[in-house]
Amino acid sequence: NCILIDPKLILLGGFGRSGTTGIRELLKGHSDITSTDKSELRILTDPGGFISLKNVFVDNWTFWRGDHAIHEFKALCKDLNSKWFGGYALANFKAEFCGNFEVANKQLLDNLVQSSYYGKWIKHSNIFYKLLSRLLKQKRLKMFNREIFITRSLDYSQFKEITRKYFNTLVEKKLQEDMASMYIIDEPFISQNPKECMDITGANKLIVILRDPRDVFQSFQGRDWTPRDKDSTLTYLKSVYSCWTRKKEQLPKELYLELKLEDIVSNFSETYKRLCQFLNIDPKDDILLNTNYSPEKAHIGRWREELSNKEKEELNNYFSKLITQLNYI
């Protein structure tokens, strides 16, 4: 059966430090559009999220993998729901989605999990547990075991129907509260799984933000998750850009827009009009007065300002092929 695309969702992705947060803030200044207030969504492509669920339930399901995937997803959601103590600082999705994060999660788990029991996989067992189990005559005490979820394999159409309901539920109250008609899902690595992310969410628009690799390299220097040396950075950028180049061939060209961060700064008016035309919305003349976005925050050309002439020459030589490929000469 054909599943209808819900037009409320827009996907926004990049390659890490490419400027997706700024573009999200810019678009949020439009009265028709809303999104997260502080953090990225991080539930599609991060480990334990929806791409991981699809890889298990549609592509590689086994009884054990299904249980493991549910535990990973629950742990991810727990982190995203904890403002101070989770793995995603200040995420606080409970407040972000007006209580619907929990509602959507319960709805999803009800659809994926058939039943559960308490036990222990051999991977989680050890000699002390085995001895304890024998002493207790194989009784399964809840405190020494964990919940094991019984799931089933799904075909892709079943999975998409479940996940699209999830995202509709997730953003419903947020759209109502902000009186908006579109919601931006901002995750930097949507660019690595574009078709799957569109299938899973039901989104019919994807914006991908490119940035000069030399500025990305400089931006990487102040982050704890990024490579610091030129070798590792080049390897990283070649991997993510080549993946997008290959994966975008799976998409009709009218569904995605590639946008250079530099164009927003150097030619704001025309680039903003392109964005609005792609999203089928009217441009707002006073958009910069109604948004947290500022072109100056993009730090375009910072590699020229922060490096010596010798360092700039080395960086140009090092990234020459990638710069040519992305037309940043």
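Let us look at the structure shown here.

Cut-offs and rules
- Residues numbered from 1 in each chain as written.
- Predicted model: local features only at pLDDT ≥ 70, side-chain atom pairs only at ≥ 80, totals over all residues.
- Heavy atoms only, no water.
- Salt bridge = Lys/Arg side-chain N within 4 Å of Asp/Glu carboxyl O.
- Helix = DSSP H or I, 4+ residues; strand = E, 2+ residues; numbered from the N terminus.
- Buried < 20%, exposed > 50% of the residue type's maximum accessible area, 1.4 Å probe, protein only.
- Axes fitted to C-alpha atoms, helices over the stretch in contact; angles between N-to-C directions.
- Parallel < 35°, antiparallel > 145°, perpendicular 65-115°, else oblique.
- Left-handed = near helix turned anticlockwise from the far one by under 90°.
- Contact = heavy atoms within 4.5 Å.
- Nonpolar A, V, L, I, M, F, W, Y, C, P; charged D, E, K, R; others polar.
- Lys, Arg positive; Asp, Glu negative; His and termini not counted.
- Polar contact = N/O pair within 3.5 Å; in protein donor to acceptor, adjacent residues only side chain to side chain.

### Side note on the pattern of salt bridges
Applying the stated rule across the entire model yields 17 salt bridges. Note that aspartate 199 is salt-bridged to lysine 195, the shortest N-O span being 3.0 Å. Placement of the pair is aspartate 199 and lysine 195 together in helix H8 (residues 194–201), with a separation of four residues, close to one helical turn. Taking the relative accessible area as the measure of exposure, aspartate 199 reaches 12% and is therefore buried. Relative accessible area serves as the criterion here: at 32%, lysine 195 is assigned to the partly exposed category.

### Quick notes on the packing of helix H5 (residues 100–112) against helix H7 (residues 156–177)
Between H5 and H7, whose axes approach to 8 Å, the crossing angle comes to 165 degrees. Classified by the angle between their axes, H5 and H7 sit roughly antiparallel to one another. Note that H5 runs across H7; the crossing there is right-handed. Residues Asn100, Phe101, Val103, Ala104, Asn105, Gln107, Leu108, Asn111 and Leu112 of H5 pack against Ile162, Lys165, Tyr166, Thr169, Leu170, Glu172 and Lys173 of H7. Broken down by class, the residue content of the contact of H5 with H7 amounts to eight nonpolar, five polar and three charged.

### Looking at the environment of asparagine 168
Checked against the element boundaries, asparagine 168 lands in helix H7. Each C-alpha atom, one on asparagine 168 and one on threonine 201, is 8.3 Å from the other, the two residues being 33 residues apart in sequence.

### Details of the side chain of lysine 247
Within the fold, lysine 247 resides in helix H10 (residues 230–247). For lysine 247, which is buried and forms no salt bridge, the nearest opposite charge comes from glutamate 196, at a distance of 4.5 Å. There is a polar contact of 2.9 Å between the side chain of lysine 247 and the backbone oxygen of glutamine 192. In this structure lysine 247 touches Gln192, Asn193, Pro194 and Glu196, once residues within four positions along its chain are discounted.

Any functional reading would require information that these geometric values do not contain.
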